[in-house]
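Okay, here's what each chain looks like letter by letter:
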Amino acid sequence: MSTENSIASPKRESLFSKKNKKLLKDPLGDANPITIQVLGICSALAITVQLQQAVIMSLSVLFVMIGGNVIVSMLRNLIPDRIRIIVQLVIIASLVIIVDEVLKAYLPDVSEKLSVFVGLIITNCIIMGRLEAFALANKPGPSVLDAIGNGLGYAWILLAVSVVREIFGSGAISMPGMGQVKFLPEEWFISAGGFYENNNLMILPPMALVVVGVIIWIQRSRNKSLIES
Amino acid sequence: MFFSQTLTAVKSVFRIFDMAINKNSTGYTFTFSIIMVVIVGLALAFTSLNLKPLQKKNAADKQMIDILGAIQVSTTRENAKTDFPTFVIERVSLDSEGNVVKSMSGGINTNDVSDPFNLDVKKDYRSKKPASELNFPLYICEKDGDKIYVIPVVGSGLWGPIWGYIAIASDMHTIYGAKFDHKTETPGLGAEIKEDFFTEKFKGKTLNEVAPFFKVLKGGSSTDIHSVDGITGGTITSKGVEEMVNRTLAIYLRYFDKQTNSNAK
């Protein structure tokens, strides 16, 4: 009986306490996984040619992250220390396989475009990093918030980069379910006798690195404390 | 309320469990891994079994879109099932000597293993079995009153498998159209084989009487009617396309020869 009481009794922390808000907010800005911690760069470069792919990728990562954080956090007292990395890897890998199977079944065209990159979520350092650094030492509640925060922090960079790349690289914007919307009039293009041409460099991975670099630059010039001496 | 009670109960069980067992012992580590593997295995098997029918349907739709794409009929995933039987009037499977083994027409049943449509050419290619043990699907289409033969081809690129369809016009040696795809070729180089600018070049070219029936040459050096320019920087992928087209055509040409002979009689 006494054990049960000792668990039930601590005062419940409000969902929107200062500490919990910080968990959500920090990864969006000053502790952003991509721009500050420089994790998960690989997928940020590869998947940001079209907004549509970036959205699906972000949702997949968010799902895997929340799932992984919750499961690891619930099992944190059971996972043997010596094999904890393997256990985390197995959990992430099975969640990723589930995402991949679901995409293949319900969104075959998107799944084709993402191809190998869904599988590469397994190697996304952000997920592993959050499991190891946060979920393994915290309760499921805060772990979910941490996962949402980091997932969104990853997502907004992906979305920002892909919007820039798609507008300048393809002269269009694509959303899942709506296809690609070309908003520039056809006669503007040089091929139709106009003055405008899409910047093909934007479609290539190096430009993603440059766009991410610009975001990092803006962020650090606004908040000098982020600059390492 | 019920939920929080259950949670508390589960937590207390975990607590007691926690105190009773040494988590650093080898026995515990083994037990934990075994239980984990079993649970994960079950979960994945369950997901896979449940989604298999949908995935199979998607793959079949994609196959129909690609076959119709080779004869320049564009369709969507929704319409593939109805468009396919209207253009593909007959589908046959051949043995390696070019004899017809089975002929079918009408709608597709993805569960019927004897249907030539369900022959897995990619799997056959991977199995490395001699051609004499395999069957080869051929799609006979009718478009604007002309017969077109669509041949599936499979081969290897630089990094992984490449595949596609070659459409041969009713004269049995003019290429009507082609469509290629790949799994992991280099973007911008080998991956370009799936782009229209490459497949367009195949149109109107003819097959040579003797092997090699068709050549994919170094960029800019294709002059005759039996070859196309390969992709600059994608040499190995281009050679892969050439290899798979020639290897596959060798078998289907036996069928075409038989057809011409029987027509002549």
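Structure: see above.
Worth saying up front: this structure is predicted, and the values here are computed from it rather than measured.

Q: Is there a simple way to think about the nonpolar core in this case?
A: For soluble globular proteins, the rule of thumb is that nonpolar side chains tend to be buried together. Counting 44 residues, the largest nonpolar core has A:Ile34, A:Val64, A:Ile121 and B:Phe32 as the members making the most contacts within it. When residues of this core are traced back to their parent elements, those giving at least two are helix H3 (41-46), helix H4 (51-74), helix H5 (84-106), helix H6 (108-114), helix H8 (125-133), helix H9 (140-170) and helix H10 (205-222) of chain A together with helix H2 (26-70) of chain B. Membership of the second largest hydrophobic core comes to 34 residues, among which are B:Val92, B:Val153, B:Val245 and B:Leu249.

Q: Mind showing me how you'd approach the packing of aromatic side chains here?
A: Two aromatic rings, taken as a pair, are described by how far apart their centres are and by the angle between their planes. Residues and elements named next belong to chain B. Tallying each qualifying case throughout the model produces twelve aromatic pairs over all chains. Ring centres of Phe84 and Phe117 lie 5.5 Å apart, and the angle between their planes is 70 degrees; on these two criteria the pair is classed as edge-to-face. Taken together, the residues span a long stretch of sequence, with Phe84 in helix H3 (residues 80-87) and Phe117 in the loop between strand E2 (100-104) and helix H4 (121-127) at a distance of 33 residues. Take Phe84 and Phe117: they sit in the same class, and that class is buried. With a centroid separation of 6.3 Å and 75 degrees between ring planes, the pair formed by Phe84 and Tyr139 is classed as edge-to-face. One end of the pair, Phe84, is in helix H3; the other, Tyr139, is in strand E3 (residues 136-143), with 55 residues separating them in the sequence. Accessibility classification places Phe84 together with Tyr139 in one group, the buried group.

Q: Looking at this structure, how should I read the environment of B:Gly41?
A: As for its placement among the helices and strands, B:Gly41 is situated in helix H2. In sequence terms B:Gly41 and B:Val92 are 51 residues apart; their C-alpha atoms lie 39 Å from each other.

Q: Before we go on, may I ask you to explain the environment of A:Leu45 in this structure?
A: All names here are of chain A. Structurally, the position occupied by Leu45 is in helix H3. Residue classification places Leu45 among the buried positions, given a relative accessible area of 19%. As for Leu45 and Ser60, which are separated by 15 residues in sequence, their C-alpha atoms are 16 Å apart. Ignoring any residue separated from it by four or fewer positions in sequence, one finds Leu45 in contact with Arg165, Pro205, Ala208 and Leu209.

Q: Even after reading the chapter, I still don't get a nonpolar patch on the surface, so can you show me in this structure?
A: Residue and element names in this part refer to chain A. On the surface, Val210, Val214, Trp217 and Ile218 cluster together to form a nonpolar patch covering roughly 400 Å² of accessible area. Structurally, Trp217 can be placed in helix H10. By relative accessible area, Trp217 is classed as exposed at 61%.

Q: Got a minute to help me understand H5(A) in this structure?
A: Because an α-helix completes one turn every 3.6 residues, residues spaced three or four positions apart along the sequence face the same direction. Between its terminal C-alpha atoms H5(A) stretches 33 Å, which fits the 33 Å expected from 23 residues at 1.5 Å a residue. Buried within H5(A) we find A:Val87, A:Gln88, A:Ile91, A:Ile92, A:Ala93, A:Ser94, A:Leu95, A:Val96, A:Val99, A:Glu101, A:Leu103 and A:Ala105.

Q: It is not clear to me how the interface of chain A and chain B should be interpreted in this structure. Could you clarify?
A: In many analyses, interface size is given as the accessible surface area lost on bringing the parts together. Counting from both sides, the interface comprises 27 residues of chain A and, opposite them, 27 residues of chain B. Summed over both partners, the interface of chain A with chain B comes to about 2,500 Å²; 67% of that surface belongs to carbon and sulfur atoms. Run the count over chain A and chain B and you get one salt bridge. The salt bridge partner of B:Arg77 is A:Asp109, with a shortest N-O separation of 3.1 Å. Inspection of the chain A/chain B interface yields five residue pairs in polar contact (both at pLDDT 80 or more). Of all elements in the fold, only helix H1 (2-8), H5 and H6 of chain A reach the threshold of two or more residues within the side of chain A that touches chain B. For the side of chain A that touches chain B, the element with the highest residue contribution is H5(A), accounting for ten residues. Residues belonging to the side of chain A that touches chain B are distributed by class as follows: 16 nonpolar, three polar and eight charged.

Q: Mind showing me how you'd approach unusual backbone geometry here?
A: Here A:Val38, not a glycine, exhibits a phi torsion of approximately 50 degrees, which is positive. In this fold, A:Val38 is placed in the loop between helix H2 (18-25) and H3. Located in the positive-phi region is B:Met172, a residue other than glycine, with phi close to 70 degrees. Summarising the element assignment, B:Met172 is placed in the loop between strand E5 (161-168) and strand E6 (175-182).

Reading guide: rules and limits
Note that residues are indexed from 1 along each chain, following the sequence as it is written. Here the convention is simple: chains get letters from A, ligands get numbers from 1, in the order in which they are written. This being a predicted model, a pLDDT of at least 70 is required before a residue's local features are given, and a value of 80 or more before pairs of side-chain atoms are given or counted; all residues contribute to the totals for chains, interfaces and linings. Computation of side-chain values covers all heavy atoms of the structure but excludes hydrogens and water. As used here, the term nonpolar core means buried Ala, Val, Leu, Ile, Met, Phe, Trp, Tyr and Cys residues forming a set that is joined through side-chain atoms within 4.5 Å. When a residue's accessible area, from a 1.4 Å probe over protein chains only, is under 20% of the maximum for its type it is buried; when over 50% it is exposed; and in between it is partly exposed. Every helix listed is a DSSP run of H or I at least four residues long, and every strand listed is a run of E at least two residues long, numbered separately from the N terminus. Ring pairs are drawn from Phe, Tyr and Trp, using the six-membered ring of Trp, whenever the two centres fall within 6.5 Å, and their geometry is named by plane angle: stacked under 30 degrees, edge-to-face over 60, tilted for the rest. Residue contacts are counted whenever heavy atoms from the two residues lie within 4.5 Å of one another. Patch membership is restricted to residues that have no salt bridge and whose relative accessible area is over 30%. Joining uses 9 Å for like charges and 5 Å for the nonpolar side chains Val, Leu, Ile, Met, Phe, Trp and Tyr. Computed with the Shrake-Rupley method and a 1.4 Å probe, the accessible areas treat only the protein chains shown as cover for residues. Take a side-chain nitrogen of Lys or Arg and a carboxyl oxygen of Asp or Glu: if they are within 4 Å of each other, that pair is a salt bridge. To estimate how far a helix should extend, the number of its residues minus one is multiplied by 1.5 Å. Two parts placed together each lose some accessible area under a 1.4 Å probe, and the buried area is that loss summed for both. Throughout this description, a polar contact denotes any pair of N or O atoms lying within 3.5 Å of each other; where both atoms belong to protein, one of them has to be capable of donating a hydrogen while the other can accept it, and for residues adjacent in sequence the pair is counted only when both atoms sit in side chains. Each residue is assigned to one of three groups, with Ala, Val, Leu, Ile, Met, Phe, Trp, Tyr, Cys and Pro labelled nonpolar, Asp, Glu, Lys and Arg labelled charged, and all others, Gly among them, labelled polar.

Geometric values such as these leave the question of function open.
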